[in-house]
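# Breakdown of the fold
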Amino acid sequence: MRLTHLALFVLLALLGCKQGAASGGDEAAAKPLAKVTVAKVVRGDIGESLSVTGTVSPLPDHEAKVAPQVPGRISKVLVRTGSFVQKGQTLATLVPGATPGQLQQAEAAVRLARETLTQSRLNVTSQIQTQHSSVRQAELTLRAQQVALGKLRAGSRPQEVVQATANVAAAQATLTAARQSLNRAQILFSEGLLARKDLETAQQLERTASAALVSAQQALSLVQQGSRPEDVRAGEVAVDQAAEAIRAAKEQTVQNRSKWQDVQIAEAQLASAEGALKTMRAQAHFLTVVSPLSGFVVGRTVNAGENVDVTSVIATVVDLSAVRLLLNVSADKASQIKPGQRDRK
């Protein structure tokens, strides 16, 4: 029914146009006819748009401020602001740092520092062993002197007196027998029945026996009298000297600390030499500065000839394949924005 009414309306409009043309030919000739477009009536949605302003920024992991891995001087910068670069593409190069000769010198310094450290550790080990040996020897000497002093202070034991008395008796008996043999030898020699050599032997035996008796008698006298005061005092002095030797041996710990300080200094020197060598080798291997991602160069901050370090930004590279859009929308328009809406580019 709706289509029938529409067709009737169009037919009446056409008839009216023809009648107006026939009755007013002069006016029709003066004014052009209006073009009429006929379209089918359909049901649809009326679109509404919202214009806002905002900023576009890269995602945090899509932006890189590229810096060199070692300090140095820029040799060449191979990109410009606005250039597109691929991941791994060289952005700049550094002037070569250490020469082969300098690397050899640094390696020699490391070897020397290692040898010095090894020798310092051997020295401190030897010093500690010497100290321990000195302390042990001094302790043994002290114990021996203490035992000897104890004997001097205690005096002779009854068994020692008995033994000394028996030694005197034995020496007396030996001397008596030697004198009797000498008397017989003298008689026989005077009668021409004994050789002079045998007589001399008997005389020597008598002298030896006499000396042995005197020694035994002196030993018995010392045992009976006990230790003299000066002997006890000498023993006390010997004990004091042994104790002082122990203290002196233990005080070598100060020297050990000095040796340990030498070891620490040698360790620090080795670390410094190894660090210098590592830096030189790193400079030889990291003379190129490459982009860590693909994107556009939005900032170049250095030129050839400038000195840079590991904190100097060579260039800023941004990957715009995915960005973050921050829009400024008034509070009364915020309700018109829904998740999933498309923007009009």
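Residues numbered from 1 in each chain as written. Predicted model: local features only at pLDDT ≥ 70, side-chain atom pairs only at ≥ 80, totals over all residues. Heavy atoms only, no water.

## Quick look at the overall build of the chain
Broken down by element type, the chain carries 7 helices and 10 strands. Expressed as a percentage of its 345 residues, the buried residues of the chain come to 21%. Looking at the chain alone, contacts between residues at least 24 apart form 82% of all its contacts between residues at least 6 apart. Split by element, the accessible area of the chain, about 25,100 Å² in all, is 56% carbon and sulfur. (Helix = DSSP H or I, 4+ residues; strand = E, 2+ residues; numbered from the N terminus. Buried < 20%, exposed > 50% of the residue type's maximum accessible area, 1.4 Å probe, protein only. Contact = heavy atoms within 4.5 Å. Areas by Shrake-Rupley, 256 points an atom, 1.4 Å probe, with all protein chains shown as cover.)

## Brief notes about the sheet that holds strand 6 (residues 288–290)
One open sheet accounts for 4 strands, arranged 6-5-3-8; its pairing is antiparallel. Each edge of the open sheet is held by one strand with a lone partner, namely strand 6 and strand 8 (307–308). The pairing of strand 3 (residues 72–77) with strand 8 spans 2 bridges and is antiparallel. Residue pairing in the sheet places R73 in a bridge with N307 of strand 8. (Pairing = 2+ DSSP bridges.)

## A look at the sheet that holds strand 2 (residues 63–66)
On the basis of which strands lie adjacent, the open sheet formed by 4 strands has the order 2-9-7-4 and antiparallel pairing. With one partner strand each, in any of the chains shown, strand 2 and strand 4 (84–85) form the two edges of the open sheet. Pairing analysis gives 2 bridges linking strand 4 to strand 7 (residues 295–300), with the strands arranged antiparallel. Note that in strand 7 the partner of V85 across the bridge is G295.

## Remarks on the pattern of salt bridges
What the rule picks out here adds up to 5 salt bridges. Between R121 and E267 there is a salt bridge; the shortest N-O distance is 3.2 Å. You can see R121 sitting in helix 3 (residues 100–154) and its partner E267 sitting in helix 7 (residues 253–285), a full 146 residues away along the chain. (Salt bridge = Lys/Arg side-chain N within 4 Å of Asp/Glu carboxyl O.)

## Looking at helix 4 (residues 158–190)
The end-to-end C-alpha separation of helix 4 is 48 Å, in line with the 48 Å expected for 33 residues at 1.5 Å each. Directly beyond the C-terminal end of helix 4, a positive phi value near 80° is found at G192. (Expected span 1.5 Å × (residues − 1).)

## Details of the confidence of the model for the chain
Summing up the model confidence of the chain, the mean pLDDT is 79 and the portion of residues at 70 or higher is 81%. Strand 4 holds the highest mean pLDDT among the elements of the chain, 94, whereas helix 1 (residues 2–23) holds the lowest, 44. Here residues 1–15 is a poorly scored stretch, pLDDT under 50, and it has 1 contact once near neighbours within four places are set aside; other chains count. Here residues 17–25 is modelled with pLDDT under 50, and outside its nearest four sequence neighbours on either side it reaches 0 contacts, counting other chains as well. (pLDDT = per-residue confidence, 0-100.)

## Describing a nonpolar patch on the surface
Taken together, the side chains of L50, V52, V56, F84, F296, V298, L320, V323, L325, L327 and I337 present a nonpolar region at the surface, about 920 Å² in accessible area. Mapped by element, the contributors of at least two residues to the nonpolar patch are strand 7 and strand 10 (323–328). In this structure, V298 sits in strand 7. (Patch = residues over 30% accessible without salt bridge, like charges linked within 9 Å, V, L, I, M, F, W, Y side chains within 5 Å.)

## A closer look at the environment of L78
Here L78 shows up in the loop between strand 3 and strand 4. For L78, a relative accessible area of 49% translates into the label partly exposed. Placed 12 residues apart in sequence, L78 and T90 show a C-alpha to C-alpha distance of 7.2 Å. The residues contacting L78, other than those within four sequence positions of it, are T90, L91 and A92.

## So, the environment of G299
Summarising the element assignment, G299 is placed in strand 7. A residue is classified by how much of its surface remains accessible, and G299, at 16% relative accessible area, is buried. Sequence separation between G299 and T81 is 218 residues, and the spatial gap between their C-alpha atoms is 5.5 Å.

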